[in-house]
Structures are given as structure tokens and as C-alpha cells.
Amino acid sequence: NALVNMYGKCDRVEDSWRVFNNIPEKNVISWNSMILVYAQHGYTEEALELFEQMQYKGLKPDKITFLNILNTCAILDDLALGKLIHAQIVDRGFMPDVVIGTALVSMYGKCGSVNGAYRIFKNMPDQNVLSWNVMIAVYAQHGCGKEAFKLLQKMQEIGLQPDNITFINILNAFAGPEFLILGKLVHLHIVNVGVESDVVVGNALINMYGKCGCVQEAYRIFNKMPERDVVSWT
């Protein structure tokens, strides 16, 4: 199993498969490792085929298996398949679970179902910062800036402190002049919590102000950045 993972991390998918195929007794971890290698390298059909094979051989998928397959559904943009996997997850008793729930939110969002993503998110009994970040990212991906901002407000109301990823995701949701006021409010909060100097947050601010038509403000942020990377200059 360790060799399968090692070859996968070294981008040698065929060697991973050769090692996996020669394991005389494969356990769930073996199948999960190979499915992950395939999913990470875009071999989505092969990952799904292994998922079916492991069940045919009498092995029950565990939480890791489903996380890998949900990611595969997202890569394929296959909502119908994602819903089938979701049904299996419920049948196997893996819900409620914050990690699986967050992966479902991400899958539904990446497959174009914002309402489906929010329905999963809303029904999660326990939500961590990652859960909120993923739901905000879904809104950002689909241009729902106001909804993303409302989620940020609600997150703070219940006492969860946004992190850098939260701010980056929500800034990405503001992609037009109509979001400038909301963008400035988020910028103010970023200054108050002291993360404006973070290079990735700074890049997100530059991008947000640029999309909102405030080129001078974008340049001011750029000029103040203590560190810049290639994205900053681009």
C-alpha cells in the first residue's frame, strides 16, 4: 500500500497500478490508495471502475473511499453520478459526518447544483470553518456574491472566526462594480484581523478591486504589499 502511494506521489501511475495489481490480498486501504492515485491524476474512469470492482469483490467502501469518489464525480462534473454516490453514503450510515458532508457540499457545487450544496450544508449538525469556506467557495464559483457575504456574517454571528481561506473565497465572489461596497466591508475586516499583509489575501484584494473597476485601489494594495509573488504582478 505504501508503494502504491509512493509511486502515485511521484506521478508514476502505471507503477502504482503494477504494485497494486500484484498485491495478493488487497484490503480497503489498498483499493483506496489506488483509487486516490487515479483520481489525483485525472484517471476518473479507472477510479470509478475500481470503486465498482472492490464492491463486487465483497469489500465495503469506507469514508476515505467515498471522499475519493466524490472528488472524482466533481472532476467529471457528473451530478447524476454524484447523487448516486450520495445515496450510497446515506445507506451506509456515513451521514451525518462533517468531513463527508463538506465533501458533498463541494461535489454538488462543482457539479453546478448550488441549491443542492446549500441543502447539504444547512442540514449538517456540525459545521467547521472548512465547511463554511467550502460553501462560500461554491457561492463564489457561481457568482452569488450577496449570498457569500450573508454566509460570512452568519459565520461570525455563531462565533466562528474566518481564516485566510474564508477571505480569499469571499473576495473571489465579488466580480463586478455592484459588489464594491461589500468588498470594502470585507477589506476592512481583513485589516482589523491583521491578515492584509498575507500575499494570497493581498492578491485576492487586488483581483477584487480590479473586477470592481477600482484600478487605483488595486494598485494601492499592490504597492503596500510587503511580499509579492508572480500572481501579484500578473
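Here is what the cut-offs are and how they apply
- Residues numbered from 1 in each chain as written.
- Predicted model: local features only at pLDDT ≥ 70, side-chain atom pairs only at ≥ 80, totals over all residues.
- Heavy atoms only, no water.
- Axes fitted to C-alpha atoms, helices over the stretch in contact; angles between N-to-C directions.
- Helix = DSSP H or I, 4+ residues; strand = E, 2+ residues; numbered from the N terminus.
- Parallel < 35°, antiparallel > 145°, perpendicular 65-115°, else oblique.
- Left-handed = near helix turned anticlockwise from the far one by under 90°.
- Contact = heavy atoms within 4.5 Å.
- Buried < 20%, exposed > 50% of the residue type's maximum accessible area, 1.4 Å probe, protein only.
- Arc of directions from axis to C-beta.
- Polar contact = N/O pair within 3.5 Å; in protein donor to acceptor, adjacent residues only side chain to side chain.

What about the packing of helix α9 (residues 129-141) against helix α11 (residues 164-172)?
Reasoning step 1: Packing of α9 against α11 brings their axes to within 8 Å, and their N-to-C directions diverge by 15°. Here α11 runs roughly parallel to α9, going by the angle between their axes. The two elements α9 and α11 meet at a crossing, and its hand is left-handed. Packed against α9, whose contacting residues are Val 129, Asn 133, Ile 136, Ala 137 and Ala 140, the element α11 presents Ile 165, Thr 166, Asn 169, Ile 170 and Asn 172 at the interface.

Re the side chain of Ser 113
Reasoning step 1: Residue placement: Ser 113 occurs in the loop between α7 (98-110) and α8 (114-123).
Reasoning step 2: Apart from residues lying up to four places away in sequence, Ser 113 is in contact with Leu 79 and Tyr 108.

Topic: helix α1 (residues 2-9)
In an α-helix, one turn spans 3.6 residues, which is why side chains three or four residues apart end up on the same side.
Reasoning step 1: For α1, the full list of buried residues reads Val 4, Tyr 7 and Gly 8. When α1 is viewed along its axis, its buried side chains cluster within an angular range of 105° and face the same direction. Among the exposed residues of α1, those pointing more than 90 degrees away from its buried face are Ala 2 and Lys 9.
Reasoning step 2: On the buried face of α1, the contacting elements are α2 (13-21) and α3 (28-40).

Description of the environment of His 142
Reasoning step 1: With respect to the secondary-structure elements, His 142 resides in the loop between α9 and α10 (145-157).
Reasoning step 2: Since its relative accessible area comes to 34%, His 142 is described here as partly exposed.
Reasoning step 3: Taking the C-alpha atoms as reference, His 142 lies 30 Å from Phe 51; in sequence the two are 91 residues apart.
Reasoning step 4: Excluding residues within four positions of it along the chain, His 142 makes contact with Gly 109, Gly 112 and Val 114.
Reasoning step 5: A polar side-chain atom of His 142 sits 2.8 Å from the main-chain carbonyl oxygen of Gly 109.

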